[in-house]
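Observations on the three-dimensional arrangement
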Amino acid sequence: MSKEDTNSIKYILEEMDPAEEIEFERRMSSNPDLRIEVESIRRMKGKLNSLPELSPPQDLTDSILSEAANRSKKKQTIRSGYFLSAAVVLLGLTTGSLIIYNISDSIESASNASVSFPSYGNEMIQQDETQTANLKPWVDRQDVLRLSGFESMSNPIMNDEAENRFEKLRPVGEYPDLQPFSRSVQLTGSNQ
Amino acid sequence: MRLNKSKNIPDSYDQMKDRELVHLYRENEDQLAFKELMNRHQAKVYSYIFSMVHNREVTNDVFQETFTKVITKMDDTYNEQGKWIAWVMRIAHNATIDHIRKQKRFVDVKGSYDDDSKTDFYDRLPDEDAVAQDEKLELDESTSELLKHISNLPEEQRTVVMLRHYYEMPFKEIAELTDVSINTALGRMRYALINLRKMFDEELEKEPNSV
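Remember, predicted model here, so these are calculated numbers, not experimental data.

1. Section: the overall build of chain A
- A count of helices and strands for chain A gives five helices and three strands.
- Its helices and strands in sequence order give chain A the pattern α-α-α-α-β-α-β-β, from N to C terminus.
- The burial tally for chain A puts 20% of its 192 residues in the buried class.
- Pairs at least 24 apart in sequence give 43% of the contacts found in chain A among residues at least 6 apart.
- Accessible surface, chain A: about 14,300 Å² in total, of which carbon and sulfur atoms supply 56%.

2. Thoughts on the interface of chain B and chain A
- Contact with chain B, which involves 49 residues of that partner, is made by 38 residues of chain A.
- Of the roughly 4,100 Å² buried at the junction of chain B and chain A (both faces included), carbon and sulfur atoms supply 63%.
- For the interface between chain B and chain A, the tally reads two salt bridges.
- In this structure, the salt-bridge partner of Glu37 of chain A is Arg190 of chain B, at a minimum N-O distance of 2.8 Å.
- The biggest single contributor to the side of chain B that touches chain A is helix H11 (residues 182-210) of chain B, with 11 residues.
- A breakdown of the residues in the side of chain B that touches chain A according to their chemical character gives 28 nonpolar, 11 polar and 10 charged.

3. Topic: the packing of aromatic side chains
All names here are of chain B.
- Tallying each qualifying case throughout the model produces five aromatic pairs over all chains.
- Ring centres of Phe63 and Phe67 lie 4.9 Å apart, and the angle between their planes is 50°; on these two criteria the pair is classed as tilted. Within this pair, Phe63 and its partner Phe67 are both found in helix H4 (residues 56-73), separated by four residues, close to a single helical turn.
- Assessed through its relative accessible area of 0%, Phe63 is described here as buried.
- Classification of Phe67 as buried rests on a relative accessible area of 1%.

4. Let's talk about the packing of helix H3 (residues 31-53) of chain B against H4 of chain B
Residue and element names in this part refer to chain B.
- At a minimum axis separation of 9 Å, H3 and H4 run at an interaxial angle of 140°. One element, H3, and the other, H4, form an angle in the oblique class. Viewed along their axes, H3 and H4 form a crossing whose handedness is right-handed. For the pair formed by H3 and H4, the contact residues are Phe34, Met38, Gln42, Val45, Tyr46, Ile49, Phe50 and Val53 on the first element and Arg56, Val58, Thr59, Asn60, Val62, Phe63, Thr66, Phe67, Val70 and Ile71 on the second.

5. Some points on the side chain of Thr178 of chain B
- With respect to the element layout, Thr178 of chain B can be found in helix H10 (residues 171-178).
- Looking at Thr178 of chain B, its side chain comes within polar contact range of the main-chain oxygen of Ile174 of chain B, at 2.7 Å.

6. Points about the confidence of the model for chain A
- Averaged over all residues, the pLDDT of chain A equals 73, while 52% of them reach at least 70.
- Confidence drops under a pLDDT of 50 for residues 114-121 of chain A, and excluding neighbours within four residues, the segment shows two contacts in the predicted structure.

7. What to know about unusual backbone geometry
Residues and elements named next belong to chain B.
- Positive phi values are uncommon outside glycine, yet Glu29 reaches one of about 55°.
- Tracing the sequence through the fold places Glu29 in the loop between helix H2 (18-28) and H3.
- According to the relative accessible area criterion, Glu29 is buried, its value standing at 8%.
- You will see that His54, though not glycine, has its phi angle at about 55°, which is positive.
- As for its position among the elements, His54 is in the loop between H3 and H4.

8. Brief notes about the environment of Ala92 of chain B
- Looking at the element boundaries, Ala92 of chain B is found in helix H5 (residues 84-108).
- Along the sequence, Ala92 of chain B and Tyr48 of chain B sit 44 residues apart, while their C-alpha atoms lie 8.4 Å from each other.

9. Section: the pattern of salt bridges
- As enumerated under the stated definition, the model contains 12 salt bridges over all chains in all.
- Glu36 of chain B is the partner of Arg40 of chain B in a salt bridge, and the nearest nitrogen-oxygen pair spans 3.2 Å. Of the two residues, Arg40 of chain B and Glu36 of chain B are both situated in helix H3; the distance of four residues between them amounts to about one turn of the helix.
- Here Arg40 of chain B falls in the partly exposed class, since its relative accessible area comes to 22%.
- Its relative accessible area of 0% is what places Glu36 of chain B among the buried residues.
- Linked by salt bridges that have partners in common, Glu23, Arg26 and Arg27 of chain A make up one network.

10. Notes on the environment of Glu37 of chain A
- Positionally, Glu37 of chain A belongs in helix H3 (residues 32-48).
- When the C-alpha positions of Glu37 of chain A and Ile9 of chain A are compared, they lie 9.5 Å apart, and in sequence the two are 28 residues distant.
- Sequence-distant contacts of Glu37 of chain A, defined by excluding residues within four places in its chain, comprise Asp5 and Ser8 of chain A together with Arg190 of chain B.
- In terms of polar contacts, Glu37 of chain A uses its side chain to reach the side chain of Arg190 of chain B, at 2.8 Å.

11. Observations regarding the packing of helix H2 (residues 18-29) of chain A against H3 of chain A
Residue and element names in this part refer to chain A.
- Between H2 and H3, the least distance of the axes is 6 Å, while the angle of their chain directions is 115°. Residues Phe24, Arg27, Met28 and Ser29 of H2 lie in contact with H3, whose contacting residues are Pro32, Leu34, Arg35 and Val38.
- Split into classes, the residues belonging to the contact of H2 with H3 amount to five nonpolar, one polar and two charged.

About the criteria used
- Residues numbered from 1 in each chain as written.
- Chains lettered and ligands numbered in written order.
- Predicted model: local features only at pLDDT ≥ 70, side-chain atom pairs only at ≥ 80, totals over all residues.
- Heavy atoms only, no water.
- Helix = DSSP H or I, 4+ residues; strand = E, 2+ residues; numbered from the N terminus.
- Buried < 20%, exposed > 50% of the residue type's maximum accessible area, 1.4 Å probe, protein only.
- Contact = heavy atoms within 4.5 Å.
- Areas by Shrake-Rupley, 256 points an atom, 1.4 Å probe, with all protein chains shown as cover.
- Buried area = accessible area lost by both parts, 1.4 Å probe.
- Salt bridge = Lys/Arg side-chain N within 4 Å of Asp/Glu carboxyl O.
- Nonpolar A, V, L, I, M, F, W, Y, C, P; charged D, E, K, R; others polar.
- Phe/Tyr/Trp six-rings, centres within 6.5 Å; stacked < 30°, edge-to-face > 60°.
- Axes fitted to C-alpha atoms, helices over the stretch in contact; angles between N-to-C directions.
- Parallel < 35°, antiparallel > 145°, perpendicular 65-115°, else oblique.
- Left-handed = near helix turned anticlockwise from the far one by under 90°.
- Polar contact = N/O pair within 3.5 Å; in protein donor to acceptor, adjacent residues only side chain to side chain.
- pLDDT = per-residue confidence, 0-100.

Okay, structure coming up:
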């Protein structure tokens, strides 16, 4: 189909831009056949205006509206189902993460305790000893105690008593850094 | 033609654009918004379908099918950027064309005896009396004549004329909807109007002879 053929319909249906319209009208004024065609098509188009607008039956529109309402109800149900599922999943995730957090926290505490014990062990033991000093004079850990002042005792009775009192203590010989008037003993914790 | 305005529909809905009503229906399940959309467009959709199939019962079926699709597909396939009614018309047009093609296939291809339905060509011919009864509308003579001539137009010409008439659809949209170029759509419109004029002329020529 040529462009000229469609121009008449474009003109009648106002589908032309203003420049095209002016040009087409110029051609129409010099072409009687074109004018006749345009008028003929225009008249026919005018007849279409008498086409009726029909309404669908009321029961048909009612059934469509109720279908739309049912669809909405279904959607709402599905939507609430989604929300419920999402809430359950969220709750589960929150609870799970809290449990996992607590477990890992306690594991961490335990590992911290086990790790820190060796590094601070001596201090902790010293503190412990200090705290319990009032209850127990000393703890037999087979440590070496340094006792001093015996040599200064001039009274032989006191010396004997001191010897008897510490008879469980056995001298271990010379200690490299002995202070003057001191002796090293090893605590055995045994009467033998 | 609009549905009787329900007392339940607030006046503000009258002022809303289609897009806003569609949004209300989609997001808030607002039934009044959907009803207002129906009010606005149902007559044009219905008339378009009727002008294509010329049968009330079939029109009702195709109309129902169209709006069932509209309701079920609005969430998935309708893009709110586009005109809602253009989208609805596309569905109506496709449903109508599907129906027409099924009818054509039924008559054209299965002309011989059909083992499945145990019928022959004559059994499957439409009952003209029944159709005439269905189509009985209270129309004046000239409108009836116009409808008759329109029904005799080739399907592709009739489609363009009706889409343009009922929706004042731009030819760009008609071309997209019918999957042809704009020039082809314009040409179909032109031929449709020329053919209608010829049909009216022929009718006029017959009149003096019949008297």
